[in-house]
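Tertiary structure, described
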Amino acid sequence: MEEQNQQNFIPMVDLKEEVNLMGQSIIKSVTDVIESGAYVLGEKGKKLEHELAGYLNVSYALGVANGTDALYIALKALGIGIGDEVITTPFTFFGTAEAIAQAGAKPVFADIDEETYNIDPYKMEKAITPKTKAIIVVHLFGLSAKMSQIMEIAKKHHIKVIEDACQAIGTEYQGKRVGSIGDIGCFSFFPSKNLGAFGDAGLVVTNNKDLYKNMFMLRNHGSDKKYLHSLIGMNSRLDEIQAAILLVKLKYFDVFLHLRKEIAKNYTENIHKSLKKPKIYENREHTFHQYCIELDERNELSAYLLEKGISSAIYYPVPLHLQEAFSYLNYKEGDFPLAETIAKRILALPISPTMSREIQENIINCVNEFLGEKGSK
Ligand SMILES: *Cc1c(COP(=O)(O)O)cnc(C)c1O
């Protein structure tokens, strides 16, 4: 698109600017790996696992190839497969439910609550059947789901909880980091995530030693001793170059999270109050992987911003129960009205930690201008 070539076009996230800030440290860390001659399952990966286990306050962390594999490995480690049902939200990235289907189980959706965009614990409980083995709870856009209710329901019905924290590394819920609350936590380091590699990478975490041992084997051909294979696993490892990059980025991570929160605060205070904006909850911090607003004229606002050189994005335009790939589940329009309505109204604004105050003002002014023009018609 022509606008996107313009020098001053504002992208959803400016990854290059983050790297510039970190100077030569990433190049140095990557050079260490190149010179070490060890490229898969080496020292950097181990160090990263150790640091992330500390950061998330869990007993075990294991690097894997990406966030979707993290979810798949978590399901397999819990023994979930053919004949089982796994409940999740229809309002998430496709990979969440894709992993359930890959594992051989049936995705079962339950609608969201309209304030947090996350699964509604009450509707989740209503979807439980004798076949339900687990729920994958997603902390969408960096805001935690209602974990205390969810954990209570899961315990009552003897079902496992996998946290899809791919968008929420560092998010806290009642003093705990998400991913550390359920049986297994899953993370993605896809470049655009809050902590991003320079390619695909992911992580699984747990406090359960048996699950750890299982996942340790699953990510590496079902093996824990070379050429001895106890299970059918897969090849899903986080390579040394990505680990080297993530180790450097992790040092800056808290600063970047803080900057995201500052930008969100600025948006919330200054974007016109007629728009629905993210709510701030006590004891449930938001790390703003995305900053989303809601309005009926979503498409018009998006086009208006583009004209002014500002990107915006729709996460997600089609809820998962209406995706062609899941047509075999026989859901229909109207099954999850909140997810469907929000999919039509939601719009994400640019949020790069490095975004200047001036750029933020520009975005705020353009959104408010749009509302003013609309109002005067
Ligand atoms: C990004 C993401 C995934 C998948 O992660 P990949 O590393 O891209 O495989 C899964 N769930 C959610 C909610 C995500 O945002």
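Here the structure is a predicted model, which is why all the values come from computation and not from measurement. (Residues numbered from 1 in each chain as written. Predicted model: local features only at pLDDT ≥ 70, side-chain atom pairs only at ≥ 80, totals over all residues. Heavy atoms only, no water.)

1. What to know about the overall build of the protein chain
Under the convention used in this document: Strands here are runs of E lasting at least two residues and helices are runs of H or I lasting at least four, both read from the DSSP assignment and numbered beginning at the N terminus. As a reference, a globule follows 2.2 Å times the number of residues to the power 0.38, and the radius of gyration itself is taken over C-alpha atoms. Note on classification: 1.4 Å probe, protein chains only; a residue is buried when its accessible area is under 20% of the maximum for its type, exposed when over 50%, partly exposed between these limits. Method for areas: the Shrake-Rupley scheme with a 1.4 Å probe, in which residue coverage is limited to the protein chains shown. Lys and Arg are tallied as positive, Asp and Glu as negative. Neither His nor the chain termini are counted. In this description, the location of a charge corresponds to atom NZ of lysine, CZ of arginine, CG of aspartate or CD of glutamate.
Counting secondary structure elements, the protein chain contains 12 helices and 13 strands. What you see for the protein chain is a C-alpha radius of gyration of 21 Å, in line with the 21 Å of a compact globule of 377 residues. Along the first, second and third principal axes, the C-alpha set of the protein chain runs to 70 × 55 × 40 Å. Across the 377 residues in the protein chain, those meeting the buried criterion constitute 54%. Accessible surface computed for the protein chain: about 17,300 Å², of which carbon and sulfur atoms make up 51%. Across the protein chain, 42 positive and 48 negative side-chain charges occur, with their mean positions spaced 5 Å apart.

2. Regarding the packing of helix 4 (residues 67-77) against helix 5 (residues 94-102)
Rules: A fitted line through C-alpha atoms serves as each axis, taken over the contacting stretch for helices, and the angle formed by two N-to-C directions is quoted from 0 to 180°. Throughout this description, any angle smaller than 35 degrees is read as roughly parallel, any larger than 145 degrees as roughly antiparallel, any in the 65 to 115 degree range as roughly perpendicular, and the remainder as oblique. For a crossing to be left-handed, the near helix must be turned anticlockwise from the far one by less than a right angle; the clockwise case is right-handed. For this analysis, residues touch if any pair of their heavy atoms sits within 4.5 Å.
Between helix 4 and helix 5, whose axes approach to 9 Å, the crossing angle comes to 40°. Relative to helix 5, the element helix 4 lies oblique. In this structure, helix 4 crosses over helix 5, and the sense of that crossing is right-handed. Two secondary-structure elements touch here, helix 4 through T68, L71, Y72 and L75 and helix 5 through G95, T96, E98, A99, I100 and Q102.

3. What about the pairing of strand 2 (residues 85-88)?
For clarity, the threshold we go by: Here is how to tell: hold the view so the strands point away, follow the path from the first strand over the helix to the second, and if it runs clockwise the crossover is right-handed. The pairing criterion is simple: DSSP has to find at least two bridges between the two strands.
Side chains of strand 2 alternate between two faces, with E85 and I87 and V86 and T88 buried alike. The parallel pair strand 2 and strand 3 (residues 106-109), bridged by helix 5, forms a crossover whose chirality is right-handed. Sheet topology note: the strand 2/strand 4 (residues 132-138) ladder contains three bridges and is parallel. By the bridge assignment for strand 4, E85 is matched with T132.

4. Re the nonpolar core
The criterion, for reference: Among the buried residues, those of types Ala, Val, Leu, Ile, Met, Phe, Trp, Tyr and Cys that are joined through side-chain atoms within 4.5 Å form a nonpolar core.
Membership of the largest hydrophobic core comes to 43 residues, with the highest contact counts inside it found for I87, I135, I169 and F189. If you list the elements that add at least two residues to this core, you get helix 3 (43-56), strand 4, helix 7 (147-157), strand 9 (202-206) and helix 9 (240-270). For this core, the element with the most residues is helix 9, which contributes six residues. Setting aside its immediate chain neighbours within four residues, I87 contacts V108, A110, I119, M124, A127, I128, T132, A134, I135 and I136.

5. Focus: the site of the ligand
Selection criterion: What makes a residue near a molecule or strand is one non-hydrogen atom of that residue sitting within 4 Å of it. A 3.5 Å cut-off defines polar contacts: any pair of N or O atoms within that distance qualifies, except that in protein one atom must be a possible hydrogen donor and the other a possible acceptor, and neighbouring residues in sequence count only when both atoms are side-chain atoms. Here the nonpolar group is Ala, Val, Leu, Ile, Met, Phe, Trp, Tyr, Cys and Pro; Asp, Glu, Lys and Arg are the charged ones; every other residue, Gly included, is treated as polar.
Near the ligand, the surroundings consist of N66, G67, T68, T92, F93, T96, V138, D164, C166, Q167, S188 and K193. At a separation of 2.7 Å, an oxygen atom of the ligand approaches a polar backbone atom of G67. Measuring from an oxygen atom of the ligand, one finds a side-chain N or O atom of S188 at 2.7 Å. Starting from 380 Å² of accessible surface for the ligand in isolation, the protein chains cover 92%. Broken down by class, the residue content of the shell around the ligand amounts to three nonpolar, seven polar and two charged.

6. Brief notes about a nonpolar patch on the surface
Defined as follows: Patch criteria: residues need more than 30% relative accessible area and no salt bridge. Like-charged residues are merged within 9 Å; nonpolar side chains of Val, Leu, Ile, Met, Phe, Trp and Tyr are merged within 5 Å. Definition used for salt bridges: Asp or Glu carboxyl oxygen within 4 Å of a side-chain nitrogen of Lys or Arg.
Together, I34, Y39, V40 and L41 line one region of the surface with nonpolar side chains, adding up to about 360 Å² of accessible area. Tracing the chain through its elements places L41 in the loop between helix 2 (25-36) and helix 3.

7. A few points about the pattern of salt bridges
Within this structure, the stated rule accounts for 20 salt bridges. For R219, the salt bridge is made with E49, and the minimal N-O distance between the two is 2.9 Å. You can see R219 sitting in the loop between helix 8 (209-218) and strand 10 (223-225) and its partner E49 sitting in helix 3, a full 170 residues away along the chain. The burial state of R219 is the same as that of E49; both residues are buried. Between K123 and D120 there is a salt bridge, and its shortest N-O distance comes to 3.6 Å. For K123, a relative accessible area of 28% corresponds to the partly exposed category. Through salt bridges that share partners, K276, E294, D296 and R345 make up one connected network.

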